[in-house]
Amino acid sequence: QQLYVSYYGRPADPEGLAYWVDKFASAENMDEAMAAFSASQEFTSNFGSLSTTDLINNLYQQMFNRDADADGLDYYSNLLDTGAATLVTIATDIAYGSWGSDESILNNKIAASYGYTSEVENSGGYYGSYDISSAQAFLAAIIDSSSVDDALASIASVVADNLGNVGSTGVVQGGYVGGATVFIDINGNGKQDADEPFTITDANGDFAFPEGVNTFG
């Protein structure tokens, strides 16, 4: 859950959380597992156009609701620009090094995220690419313990308001392919463009698009 909060700025979806917990637990090379987690269409769509400075500040905003301090910004920007570290390992480093009010805010966001993820799973709601922005907004509002309490007290209605209903569903053929991107190639160019709807398969290769999405191209 911490990685979803720090790197993607949102609570994990239940399928994604289960998938990556298993992948990290069984990984022989953690760097490769982290790279696989970070290399997603979601990241490209939401953060792919950001500069190095904006990427580092965005990590701090997602975890602590503030921009990086000058020293931190210079240090992590240099690591990223020189290839000494990847953005996902920087996110982990920042999270593990947090303390004081920053640590409290991050822990509050993680606690609220677990509540959000559990409610999605228990309600059977659909949590796909169209719901990411509302999930990010939910998490951005979490700062102190009282905001966590307020969020968890109303989590059922929050999730119901944020998530769409399931529309078209399917399963990836040729074996179980979890964590794969399935998109609607509207213009038929053989690649996903920024305005084309997409979703992520669960651990069993199943996927779903929310109700109202035109899946016929």
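Above this text sits the structure in question.
Bear in mind that the values here come from a model prediction, so they are computed numbers and not experimental data.

**Some points on the overall build of the chain**
Counting its secondary structure elements, the chain contains 11 helices and four strands. For the chain, the residues scored as buried account for 46% of the 217 residues in total. Of the contacts formed within the chain by residues at least 6 apart in sequence, a portion of 67% connects residues at least 24 apart. Accessible area for the chain stands at about 10,900 Å²; split by element, carbon and sulfur atoms hold 50% of it.

**Notes on the nonpolar core**
In globular proteins that are soluble, nonpolar side chains generally tend to be buried together. In terms of nonpolar packing, the biggest core is built from 48 residues, with Y7, F37, I56, I90, I94, Y116 and F138 touching the most fellow members. Beyond its immediate sequence surroundings of up to four residues, Y116 is in contact with P11, Y127, A135, F138, I155, V158, V159, N162 and L163.

**Looking at the packing of aromatic side chains**
Overall, the coordinates contain 15 aromatic pairs when judged by the stated rule. Ring centres of Y7 and Y8 lie 4.9 Å apart, and the angle between their planes is 80°; on these two criteria the pair is classed as edge-to-face. With respect to class, Y7 is no different from Y8; both count as buried. Plain terms: the ring middles of Y7 and F37 are 6.2 Å apart, the flat faces sit at 50° to each other, and that makes the pair tilted. Of this pair, Y7 sits in helix 1 (residues 2–8) while F37 sits in helix 3 (residues 30–38), and the two are 30 residues apart along the sequence. Overall, the relative accessible area of 4% leaves Y7 in the buried class. For F37, a relative accessible area of 3% gives the class buried. Taken together, the ring pairs in this structure connect Y4, Y7, Y8, Y19, W20, F24, F37, F43 and F47 into an aromatic cluster. Sitting above the plane of the Y8 ring, R10 keeps its charged end 5.9 Å from the centroid.

Definitions and limits used
- Residues numbered from 1 in each chain as written.
- Predicted model: local features only at pLDDT ≥ 70, side-chain atom pairs only at ≥ 80, totals over all residues.
- Heavy atoms only, no water.
- Helix = DSSP H or I, 4+ residues; strand = E, 2+ residues; numbered from the N terminus.
- Buried < 20%, exposed > 50% of the residue type's maximum accessible area, 1.4 Å probe, protein only.
- Contact = heavy atoms within 4.5 Å.
- Areas by Shrake-Rupley, 256 points an atom, 1.4 Å probe, with all protein chains shown as cover.
- Core = buried A, V, L, I, M, F, W, Y, C linked by side-chain atoms within 4.5 Å.
- Phe/Tyr/Trp six-rings, centres within 6.5 Å; stacked < 30°, edge-to-face > 60°.
- Lys NZ or Arg CZ within 6 Å of the ring centre and 35° of its normal.

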